[in-house]
Amino acid sequence: MSASEQGRDAALAKDTDFDALVVGAGFSGIYMLKKLRDDLGLSVQGLEMADDVGGTWYHNKYPGARCDSDSWLYCYDWCDDVQEEWEWTERYPHQPEIQDYISFVAESHDLYKDIEFETKVTSATFDEDSGIWEIETEDGSSYTTQYFIPAVGNLSKPFIPDFDGLEDFEGTWYHTSSWPADGVDMEGKTVGLIGTGSTGIQTMPHLAEESEHLKVFQRTPNWAVPARNRPLEEEEWQELKANYDELWEAARNSDGGLDIEFTHPTADDLSREEAWESLEERWEEGGPLLSVFEDTLINKDTNTLVCEFIAEKIRETIDDPELAEKLIPMDEDGNPEHWYAAKRPPLAYNGYYERFNRDDVELVDVGDNPIARFNADSIVLEDGTEHQIDVLCMATGFDAVTGTLESLNITGRNGQNLEDKWEAGPRTYLGLGTHGFPNMFMITGPQSPSVLTNMVVPIQQHVEWITECLDYMLENGYQHIEAQEDAEEEWAAHNEEVASQTLYPDSASWYRGDNIPGKDQTFLIYPGGINLYNDRIEAVAAENYEGFTLAEAEESQAAD
Ligand code: N01
């Protein structure tokens, strides 16, 4: 037996059903399965509660669901065979197309056979005596595994506010993430939309189109900018394909996982006319205005200028000046109520603001006059105003980043439950592991760049890092890996420190857990960018996984 075979033999636990178990079959889950099975030769099992692959893109089928990242970078960069055959049809990919893409990859790489569908995980428990994980599912099955990898996404647990009387509402209603695939009949109906985040803004023009009358219940106005989605012509697609490696190289080494060149480092040195000209250029091109000034999220003056620009655009678009002011998140003195992009910046498709000029679309401002209760056929506001509705679309967001992980009922060493451990905010080392939960790896976990970036880039980064880490453990005979407590304390402090240098913490958002009553308000995501983060995780790997404890079988079972 060679040294590496001996290492592998010592590293792999003997009596498990699988070497690795991956929960979730979205972008992260299927790539993780492939790497563990094909690169490391491990026995793997995927568990997925839906009846197909897709993850987020399986569930979010609300009208107009679309990804706000460029399609040619919202896909894997390793999939040459798929890349040859696959053609995105639009700049921003539509939900059914992304779902087809993920399915196409899973089929091309023969991954379906390793996934149990319609299988919901109800608990995951680390057994300290055997040093292995036991995973239980809703149908009463259980699986043992050495490595447990929840690949459950960051926006998978819907948030539905605890509205008084919602159970009495007799109309049809859905949260956007459970909207039926074959749609909802809205013809001749009055539809209510609650929420004006990225999802509400995306779906609003479609609801307006399909209904008789649309009422948009807005608590906080948002800064939406046009997406300017367009079909990808054959010539452009071929050019993108020809430059694919360079585009991906740029994306992987960027801050946000996209191929972006900033127009200016700051607006500080520009005249207002010069700044306006660059903003106008980007506005016409479509997409987030973040690429105009590099310091948009760290400099209040620059950010204010961007907000003023969008406010001017809203005023130009909306016919009724009073209505325009209600759609602009700015106080009477011209101060932004929340900074541009400190809440997730929404893209407007199909003329979001323009729709408010129509008689059949109504803005219901619930900022100062909140929703008090539901009746059988209406929403009643605090001042008693009643809004009759037949159909309700709840675009009220998610218990983001930590919500799904916490609801998996994960128990680590000493009987500690993950939800309890994270009661005062998540504690992770690099968003990859958490102390007390050996051999559990998170993909785009809390305090990693995740949702502040084009998600497929950090997903790949994490899957590849985990694969290399396990390869190292197999080579060297380590059976367990666990984040050290002081390393995760240091990482949490660093995360907060970096966040405090930005404008993110100044604005209430789900990035900070503000949207969930009682949720601890720590900044949930690493805001330093993919490039800096990548340097850090590579350095950790180069130092033999500094900050993690690696242990052989007996050692790890004896550990605290
Ligand atoms: O959720 P949100 P979302 N009464 O939490 C309102 C991703 N996504 O689903 O701002 C009245 O942002 C709430 O009001 P307020 C993307 O990452 C991705 O829109 O808290 N209103 C807000 O307006 C995004 O950020 C793509 O005052 C209430 C809304 O509901 C994430 O999904 C596309 C309320 C919730 O907004 C979540 O966005 C679309 C109440 N009681 C979305 N409670 C891609 O391109 C809540 N609200 C990949």
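Our structure is the block above this text.
Conventions we followed
Residues numbered from 1 in each chain as written. Predicted model: local features only at pLDDT ≥ 70, side-chain atom pairs only at ≥ 80, totals over all residues. Heavy atoms only, no water. Salt bridge = Lys/Arg side-chain N within 4 Å of Asp/Glu carboxyl O. Buried < 20%, exposed > 50% of the residue type's maximum accessible area, 1.4 Å probe, protein only. Helix = DSSP H or I, 4+ residues; strand = E, 2+ residues; numbered from the N terminus. Pairing = 2+ DSSP bridges. Axes fitted to C-alpha atoms, helices over the stretch in contact; angles between N-to-C directions. Parallel < 35°, antiparallel > 145°, perpendicular 65-115°, else oblique. Contact = heavy atoms within 4.5 Å. Nonpolar A, V, L, I, M, F, W, Y, C, P; charged D, E, K, R; others polar. Near = heavy atom within 4 Å. Polar contact = N/O pair within 3.5 Å; in protein donor to acceptor, adjacent residues only side chain to side chain. Areas by Shrake-Rupley, 256 points an atom, 1.4 Å probe, with all protein chains shown as cover. Domains from an automatic or database assignment.

1. Brief notes about the pattern of salt bridges
Counting across every chain of the model gives 29 salt bridges. Put simply, E236 and R230 hold a salt bridge, and the shortest N to O gap is 2.8 Å. Judged by its relative accessible area of 31%, R230 falls in the partly exposed class. Across the pair E280 and K313 runs a salt bridge, and its minimum N-O distance is 2.9 Å. On the criterion of sequence distance, the pair formed by E280 in helix 9 (residues 272-285) and K313 in helix 10 (residues 300-317) is long-range, its members being 33 residues apart. A cluster of three or more residues bridged by salt bridges with shared partners is formed by K34, R37, D38, K113 and D114.

2. Quick notes on the sheet that holds strand 9 (residues 213-218)
Each strand in a sheet pairs with another by means of backbone hydrogen bonds, the pair being arranged parallel or else antiparallel. Taken in spatial order, the five strands line up as 7-16-8-9-12 in an open sheet, and their pairing is parallel. Either end of the sheet is taken by a strand with one partner, and the two such strands are strand 7 (172-175) and strand 12 (361-365). Going from strand to strand, the sheet's axes swing by 15° on average, the running direction of each strand aside.

3. Some remarks on the packing of helix 15 (residues 456-476) against helix 17 (residues 530-542)
Direction vectors running N to C along helix 15 and helix 17 enclose 0°, while the axes themselves pass 12 Å from each other. By the angle between their axes, helix 15 is roughly parallel relative to helix 17. On helix 17, the residues that touch V457, P458, Q461, H462 and W465 of helix 15 are I530, Y533, N534, I537, V540 and A541. The class makeup of the residues in the contact of helix 15 with helix 17 is eight nonpolar, three polar and no charged.

4. A closer look at the environment of G403
One can find G403 in helix 13 (residues 403-407). Given a relative accessible area of 1%, G403 falls into the buried group. Sequence-wise, G403 and H59 are 344 residues apart; in three dimensions their C-alpha atoms are separated by 16 Å. When near neighbours in sequence (up to four residues on either side) are disregarded, G403 contacts K157 and K519.

5. Some points on the site of the ligand
Lining the immediate surroundings of the ligand are 24 residues, of which D68, T196, T199, R219 and T220 lie closest. Measuring from an oxygen atom of the ligand, one finds a side-chain N or O atom of R219 at 2.8 Å. Within the contact set of the ligand, an oxygen atom lies 2.4 Å away from a side-chain nitrogen or oxygen of T220. When the ligand sits alone it has 920 Å² of accessible area, and the protein chains cover 87% of it. Per element, the largest residue contribution to the shell around the ligand is three residues, and it comes from helix 6 (residues 198-210). Its residues placed into classes, the shell around the ligand shows ten nonpolar, nine polar and five charged. When residues of the shell around the ligand are sorted by domain, at least three fall in each of domain 1 (3-157 + 399-559) and domain 2 (166-394).

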